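# Secondary and tertiary structure notes
For reference, the chains in residue letters:
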Amino acid sequence: MGRASGKVVLITGGLSGIGTSSAVLLAREGAQVVVTDITENNRETVLNSINSAGQHKAHYYRQDVTSEDEWKKITDTILKQFGRLDAVVNSAGVGIGGNIEEATYEHFKFVNTVNYDGVFLGTKYGIEAIRRSGDHGGSIVNMSSIEGIIADPNLAAYNGSKGGVRLLSKSAALHCAKSGYKIRVNTIHPGYILTDMVRNYIGSQENPKAVWDYIASLHPVGHLGEPDDIGHAVVYLVSDESRFMTGTEMIIDGGYTAQ
Ligand SMILES: NC(=O)c1ccc[n+]([C@@H]2O[C@H](COP(=O)([O-])OP(=O)(O)OC[C@H]3O[C@@H](n4cnc5c(N)ncnc54)[C@H](O)[C@@H]3O)[C@@H](O)[C@H]2O)c1
């Protein structure tokens, strides 16, 4: 028996980085995995990795997490196809830098629509679909960031979106607990993790090597994290091992926020 056996899990942003790692590790632990993403890039490679990790066939649907209609459609489709939903991992996100003076309102709205509105919708429709599929309960895992705990002068819009995810998740967790739903809601707060989001950011800088070294130096362990460092936490939060855990956060950051 795997740690996530019998569970049907929807993972947004599943074709890259932390979403892909979560999908592969959950499949290895016996979950039936549905990945969604706004893009089709890497679709076959990612689906093959999930299929080789587990015994169930992985499924992909295109989904823009900012569309309420698409949330209704995807949760309906999953309930029709599998008869249940046990967990949603809201990993889709975008990272754009800029301090409060540089950031335009358009920039702010784009980052917050994906990172914050998308997680609001994923939490709301995730809870609804888990409840519609029975009284087994479930788990919502929302990807915040160290940037949802501490601020960076150059991440005004991103800080706002990730801070919002943290408290939104606590509110939803309290609502579910007090309503007796057995649905838990928690956030994960990664430090810098080696995914396309971070590679593209570092690659776009004038001196990527210097920026890389600087970012590594911000983590007391002296290096960036790997997607699996976060994927393992996702497995724990989806599994029943974390059944007493709700309304809280897991900080996985190589000591970044301990200083
Ligand atoms: N990598 C890090 O250092 C880091 C640190 C802290 C938090 N996070 C958060 O973790 C999550 C995953 O990040 P990642 O590093 O794996 O990034 P990534 O760029 O590798 O993957 C993000 C995925 O989200 C998808 N996406 C973007 N907009 C979408 C939309 N509107 N609808 C559906 N999918 C959409 C992208 O296509 C991509 O596949 C994000 O929420 C990010 O903010 C990442």
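In the block above lies the structure referred to throughout.
Residues numbered from 1 in each chain as written. Predicted model: local features only at pLDDT ≥ 70, side-chain atom pairs only at ≥ 80, totals over all residues. Heavy atoms only, no water.

Moving on, we come to the overall build of the protein. Across its full length, the protein holds 8 helices and 7 strands. The buried share among the 259 residues of the protein stands at 51%. Sequence-distant contacts, at least 24 apart, represent 72% of the contacts inside the protein between residues at least 6 apart. Split by element, the accessible area of the protein, about 12,100 Å² in all, is 52% carbon and sulfur. The positive charge centre, built from 23 side chains, and the negative charge centre, built from 28, are 9 Å apart in the protein. (Helix = DSSP H or I, 4+ residues; strand = E, 2+ residues; numbered from the N terminus. Buried < 20%, exposed > 50% of the residue type's maximum accessible area, 1.4 Å probe, protein only. Contact = heavy atoms within 4.5 Å. Areas by Shrake-Rupley, 256 points an atom, 1.4 Å probe, with all protein chains shown as cover. Lys, Arg positive; Asp, Glu negative; His and termini not counted. Charge placed at Lys NZ, Arg CZ, Asp CG, Glu CD.)

Taken as a whole and judged by the stated rule, the model has 12 salt bridges. The closest approach of N and O atoms between E128 and R132, which form a salt bridge, is 3.3 Å. One end of the pair is E128 and the other is R132, both in helix α4 (residues 105-132) and 4 residues apart, which spans about a single turn. Residue classification places E128 among the partly exposed residues on the basis of a relative accessible area of 35%. Judged by its relative accessible area of 45%, R132 is partly exposed. R199 is the partner of D196 in a salt bridge, and the nearest nitrogen-oxygen pair spans 3.5 Å. (Salt bridge = Lys/Arg side-chain N within 4 Å of Asp/Glu carboxyl O.)

Looking now at the sheet that holds strand β4 (residues 87-90). Two modes of strand pairing occur in sheets, parallel and antiparallel, and in both the strands are linked by backbone hydrogen bonds. The 7 strands lie next to each other as β3-β2-β1-β4-β5-β6-β7, forming an open sheet whose pairing is parallel. Looking at which strands have only one partner, the edges of the open sheet turn out to be β3 (59-62) and β7 (249-252). Within this sheet the neighbouring strands show an average axis-to-axis angle of 20°, counted without direction. Looking at chain direction, strand β2 (residues 32-37) and β3 are connected through 4 bridges and run parallel. Each residue of the ladder has a partner; that of D37, found in β3, is R62. Across the sheet, helix α3 (residues 68-82) is in contact with β1 (8-12), β2, β3 and β4; its angle to β3 comes to roughly 155°. Set on the sheet, helix α5 (residues 156-179) makes contact with β5 (138-143), β6 (183-190) and β7; between it and β6 the angle comes to about 160°. (Pairing = 2+ DSSP bridges. Axes fitted to C-alpha atoms, helices over the stretch in contact; angles between N-to-C directions.)

Across all of its chains, the model carries 2 aromatic pairs by this definition. For the ring pair Y105 and F108, a centre distance of 6.4 Å and an interplane angle of 25° mean the geometry is stacked. You can see Y105 and its partner F108 sitting in helix α4, 3 residues apart, about one turn around the helix. For F108, a relative accessible area of 36% puts it in the partly exposed group. Aromatic side chains Y192 and Y256 sit 6.4 Å apart centroid to centroid with 25° between the ring planes, which places their arrangement in the stacked category. (Phe/Tyr/Trp six-rings, centres within 6.5 Å; stacked < 30°, edge-to-face > 60°.)

A word on the site of the ligand. Taken together, 28 residues lie around the ligand, and S16, D37, Y158, I193 and T195 are the ones closest in. S16 has a polar side-chain atom sitting 2.6 Å from an oxygen atom of the ligand. Take D64: an N or O atom from its side chain is 3.0 Å from a nitrogen atom of the ligand. Elements that contribute at least two residues to the shell around the ligand include exactly α1 (17-28), α5 and α6 (196-203). The leading source of residues in the shell around the ligand is α6, at 3 residues. Its residues assigned to classes, the shell around the ligand comprises 13 nonpolar, 11 polar and 4 charged. (Near = heavy atom within 4 Å. Polar contact = N/O pair within 3.5 Å; in protein donor to acceptor, adjacent residues only side chain to side chain. Nonpolar A, V, L, I, M, F, W, Y, C, P; charged D, E, K, R; others polar.)

Bringing the environment of Q81 into the picture now. Relative to the helices and strands, Q81 is located in helix α3. Separated by 50 residues in sequence, Q81 and R131 have C-alpha atoms that sit 16 Å apart. Reaching out from Q81, the side chain makes a polar contact with the side chain of H59 at a distance of 3.1 Å.

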